[in-house]
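Structure at a glance
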Amino acid sequence: MKKRIVILGSTGSIGKQTIQILKRDKRNFQVDLLLANSNIKLLSKQIKEFKVKNIIVRDYKSYLILKKKFKNLNISNNINDVGKLIKGKADYTMSAVSGFEGLSPTLQIIKKTKSIAIANKESIICGWNLIKKELKKNNTKFIPVDSEHFSIWSVIDKIDKNRVKKIILTASGGPFLNKKIKKKISPLDAIKHPNWKMGKKISIDSATLINKVFEIIEAKKIFDLHISKFSILIHPKSYIHSIVEFKNGLIKIVAHDTNMRIPIFNSIYFNENKEIKTNKIDLKILNQLNFQKVNIKRFPIIKLINKLPKDDSLFETVLVSINDELVNLFLKKEISFSDISKKIYELQNLKEFTKFKYQKPKNLAQIERLNDFVRLKTRSLSVISNPK
């Protein structure tokens, strides 16, 4: 019997790589639903290739075009129709819609899938307690897909977490690790990641290293470990994804190519003995791992880790929302690159934001309202200038 598959964010980077993996084993999969934003050219190709019957298109103009093109399919413009369009339960869902928009369909689809791989950071950072509740309620298996979290999960998923002494997440350092940082850095400079092919937003986050602050928040939540258990090391080659130290003296290091196909592939075939074609073990990289401590002067945003609350709170949503808006302003050339780190540190200290350290997320609507409020406040308090 074919495995039933749902892909949320099918035309994005993770979605496309998921499709590529399914194509190589097409006879064993049936794609039940695809969700995309506006890339109807690629989406149309995916629909035809997998004979998909259920589609959600977020962009309204694209939705109208697609609905006219595929008259016999179930096509919706409502992101919350995810659960309604699936009959019974899918076997596997890849949740890869970027940004806050990914949380709502993630919560919806958990009810209609046996397992879910989540690549959306915002969903886990801002709504983990809501996700965890739905996972338990619907007996849905969760698999993290971020390379660092997948590597940790592959080591400690089925063991007693009390055995873990320390977990190190690695960071490449982005495009400016060993370069003199210019006063005027363009968005084009900042998105040139040395190792990974990623979207603009995550590339900027990697350049400032805020992505590692967020990854520690994710790891704390996913693995239910105290934040003091986690630390970051710079590893320019991005070959080692995590290091797990146990209380019994053992240290496990997880390495693989800088290719997201590996965690995606393993999330699909997690309980099967399947083989993926990868490069041979790279001894040159193993002999030059070159781990470094994080330079706080170069990456001041890392100091935010010390500001994080011990328990799940709405403050994590505050941080994500401030950063999202600042990155958006930088991409529009309305603030400078250095402003991102400087302003996120200033803004998160505001009394109207710090109060959320003591409030837990109650529902999706509350998180969405807070996101809108914080982004508006961030924009109004940011100096709008053009650093061209």
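Overview of the packing of helix H13 (residues 315-331) against helix H16 (residues 364-381)
For any two helices packed against each other, the geometry is given by the interaxial angle and the distance between the axes. Look at H13 against H16: their axes get within 8 Å of each other, and the N-to-C directions meet at 45 degrees. Between H13 and H16, the interaxial angle falls into the category oblique. Here H13 runs over H16; the crossing is right-handed. Packed against H13, whose contacting residues are Thr317, Val318, Ser321, Ile322, Asp324, Glu325, Leu326, Asn328 and Leu329, the element H16 presents Ile367, Leu370, Asn371, Val374, Arg375, Thr378 and Arg379 at the interface. Residues of the contact of H13 with H16, tallied by class, amount to seven nonpolar, five polar and four charged.

Regarding the pattern of salt bridges
Summed over all chains, the structure comprises 24 salt bridges. Put simply, aspartate 205 and lysine 201 hold a salt bridge, and the shortest N to O gap is 2.5 Å. Taken as a pair, aspartate 205 and lysine 201 lie in helix H9 (residues 200-208) at a separation of four residues, close to a single helical turn. According to the relative accessible area criterion, lysine 201 is partly exposed, its value standing at 28%. Between arginine 379 and glutamate 325 there is a salt bridge, with the nearest N and O atoms lying 3.2 Å from each other. Residue arginine 379 is found in helix H16, and its partner glutamate 325 is found in helix H13; the two are separated by 54 residues along the sequence. A cluster of three or more residues bridged by salt bridges with shared partners is formed by Lys201, Asp205, Asp324, Glu325, Glu334, Arg375 and Arg379.

Things to note about the sheet that holds strand S5 (residues 92-95)
Pairing is parallel in the open sheet, where seven strands are placed in the order S4-S3-S2-S1-S5-S6-S7. In this open sheet, the two edge strands, each paired with only one partner strand, are strand S4 (74-76) and strand S7 (141-144). Sheet twist, expressed as the mean angle between neighbouring strand axes with direction ignored, is 15 degrees. Bridge count between strand S2 (residues 29-36) and strand S3 (residues 54-57): four bridges; the pairing is parallel. If you follow leucine 33 over to S3, its bridge partner there is asparagine 54.

The rules behind these values
- All chains use their own residue numbering, which begins from 1 and follows the written sequence.
- Local features in a predicted model are, by the rule used here, given only for residues with pLDDT of at least 70; side-chain atom pairs are given and counted only at 80 or more, and totals for whole chains, interfaces and linings are based on all residues.
- With hydrogens and water excluded, all non-hydrogen atoms of the structure serve as input to the side-chain values.
- Fitted lines through C-alpha atoms give the axes, limited to the stretch in contact for helices. The angle between two N-to-C directions lies from 0 to 180 degrees.
- For helices the rule is a DSSP run of H or I covering at least 4 residues; for strands it is a run of E covering at least 2, with both sets numbered from the N terminus onward.
- What sets the label is the angle itself: under 35 degrees gives roughly parallel, over 145 gives roughly antiparallel, 65 to 115 gives roughly perpendicular, and the rest give oblique.
- Rotating anticlockwise by less than a right angle from the far helix to the near helix defines a left-handed crossing, while the corresponding clockwise rotation defines a right-handed one.
- Whether two residues touch is decided by their heavy atoms; if any such pair falls within 4.5 Å, the residues are in contact.
- Side-chain classes follow a simple rule in which Ala, Val, Leu, Ile, Met, Phe, Trp, Tyr, Cys and Pro form the nonpolar group, Asp, Glu, Lys and Arg form the charged group, and the remainder, Gly included, forms the polar group.
- Here, a salt bridge means any side-chain nitrogen of Lys or Arg that lies within 4 Å of a carboxyl oxygen of Asp or Glu.
- Here's how the labels work: a residue is buried when its accessible area is under 20% of the maximum for its type, exposed when over 50%, partly exposed in between, all with a 1.4 Å probe on protein chains only.
- By definition, two strands form a pair when at least two bridges between them are found by DSSP.

These results come straight from atomic positions and should not be treated as a statement about function.
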